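Overview (structure and organization)
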Amino acid sequence: VARTAEVLEMARRHAGLSITELWFAYVVLGGTGSMLDVGDYLAGSAVPSRHQYDVLAQALNDEFIGRGGNHPVPYADERESG
Amino acid sequence: VTGAPTTTSLAAALDTIAAVRLEDGAVEAVLQLVVSLSKATIGGVDGASISVLRTQGMETSNATSDEVRDIDGHQYATGEGPCVTAIRDGRLHNVVLSAETARWPRFVAAAAAAGVGSMLSIPLTSDGRAMGALNLYSRGEPVLPDASVTGAQALADRAAVVLANAITFATSEATNRHLQTALENARLIGRAQGVLMAREGCGSEKAFDILRRASQRTNRKLREIAEEVVAPLEPPSTPEP
């Protein structure tokens, strides 16, 4: 649980996105959590479903792709297998 | 030469500003009018400028001469002087520069070399936040009299309103463009998910999974993958010859 939050929060900081900006990108991709939910996921006080986690990971990865990165944030299935 | 502006000349100046309509390029024109009028209608003023606070720092948006721009530049570079101080503390500074060597050593030296004796900087504020400053330069030594300060404040008030409107407008324009793009992207991704759901007989989460795996495989943003999914179904944008 703590690691899920850590992965997302570290990536968010690295991407230089505010929680609002990340939430906005996540909603555009079809994420259905509120901004407070996303704040909770990042703080570790709530756990996203696999799908909501993947949408957040995609929002972050899209941001990194724009800067020359290649999907540094693992998806749920990668985290389970790795 | 030094003297208070007559009430009539200032009133006429303010009427001139009020008559300018805020269309494209008008903000620039009004701010230029404010610096020109400051110099022309306020006694003892030899040069005027407007400094604006931008994300990357302060800059002179309008000035009555290049010399004035240069002196402003010394303030931004050193972080010293009435202008940068007025923007920082949100207060008016009406000073004889030779009396401020202890506070602003580098700027006072540069200003003296340029022949500036005194300076008035009035912050341009909106909702208690300084957006910039109106700067009046004088070759003379005495500070500007109260009547001149009052006149300058009236011009600064006009400039502040125009500047605040321009900032609000620019911000809302950018926000609107941003929201418009986001909305189009959200629709596009939703459409692509719908196409995949119909094609694969799956739910929306599985459809998202297909999109994000393609994004990962090709290292492209999910939006680009969604574009490709819906592209074959879109009518061609230009008719075939």
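Below, the structure is looked at part by part. (Residues numbered from 1 in each chain as written. Chains lettered and ligands numbered in written order. Predicted model: local features only at pLDDT ≥ 70, side-chain atom pairs only at ≥ 80, totals over all residues. Heavy atoms only, no water.)

As for the side chain of Ser138(B)
Residue and element names in this part refer to chain B. Here is the rule we go by: Comment: elements are numbered from the N terminus, with helices defined as DSSP H or I runs of at least four residues and strands as E runs of at least two. Note on classification: 1.4 Å probe, protein chains only; a residue is buried when its accessible area is under 20% of the maximum for its type, exposed when over 50%, partly exposed between these limits. Side-chain atoms alone can form a polar contact between residues adjacent in sequence; in general such a contact is a pair of N or O atoms within 3.5 Å, and within protein one must be able to donate a hydrogen while the other accepts it. Any two residues whose heavy atoms approach within 4.5 Å at even a single point are treated as in contact.
Relative to the elements of secondary structure, Ser-138 occurs in strand 5 (residues 129-138). Judged by relative accessible area, Ser-138 falls into the buried class, the value being 9%. A distance of 3.3 Å separates a polar side-chain atom of Ser-138 from the backbone nitrogen of Gly-140. In contact with Ser-138, other than residues within four places in its own chain, are Gly-44, Asp-46, Val-116, Gly-117 and Ser-118.

Notes on the pattern of salt bridges
Convention followed: Salt bridge, as used here: a side-chain nitrogen of Lys or Arg that lies within 4 Å of a carboxyl oxygen of Asp or Glu.
Going through the model one piece at a time under the given rule, you end up with 13 salt bridges over all chains. Between Arg13(A) and Glu9(A) there is a salt bridge, with the nearest N and O atoms lying 2.8 Å from each other. Here the residue Arg13(A) and the residue Glu9(A) both occupy positions in helix 1 (residues 2-15), the gap between them amounting to four residues, near one helical turn. Exposure remark for Arg13(A): the relative accessible area of 59% places this residue in the exposed category. A relative accessible area of 15% places Glu9(A) in the buried class. Arg213(B) is the salt-bridge partner of Asp77(A), the closest N and O atoms lying 3.2 Å from each other. Placement of the pair is Asp77(A) in helix 5 (residues 76-81) and Arg213(B) in helix 7 (residues 204-218), with the two residues belonging to separate chains. Judged by relative accessible area, which is 35%, Arg213(B) ranks as partly exposed. Through salt bridges with shared partners, one network takes in Asp54(A), Asp77(A), Asp209(B), Arg212(B) and Arg213(B).

Structural notes on the interface of chain A and chain B
The condition is simple: Buried area: the accessible surface (1.4 Å probe) lost by two parts on joining, summed over both. Residues were grouped as follows: Ala, Val, Leu, Ile, Met, Phe, Trp, Tyr, Cys and Pro as nonpolar; Asp, Glu, Lys and Arg as charged; and all remaining residues, including Gly, as polar.
Each side of the interface is counted separately: chain A has 16 residues, and chain B has 17 residues. Of the roughly 1,500 Å² buried between chain A and chain B, counting both surfaces, carbon and sulfur atoms make up 59%. Sorting the residues of chain A by area buried against chain B places Phe24(A), Val28(A) and His51(A) first, and these three jointly supply 33% of that buried surface. Summed over the shared surface of chain A and chain B, the result is three salt bridges. Across the pair Asp77(A) and Arg212(B) runs a salt bridge, and its minimum N-O distance is 3.1 Å. For the pair chain A and chain B, the interface holds nine residue pairs in polar contact (both at pLDDT 80 or more). Of all the secondary structure elements, the ones that give two or more residues to the side of chain A that touches chain B are helix 2 (19-28), helix 4 (50-65) and helix 5 of chain A. Sorting elements by how many residues they give to the side of chain A that touches chain B places helix 4 of chain A first, with six residues. Of the residues belonging to the side of chain A that touches chain B, the class tally is six nonpolar, six polar and four charged.

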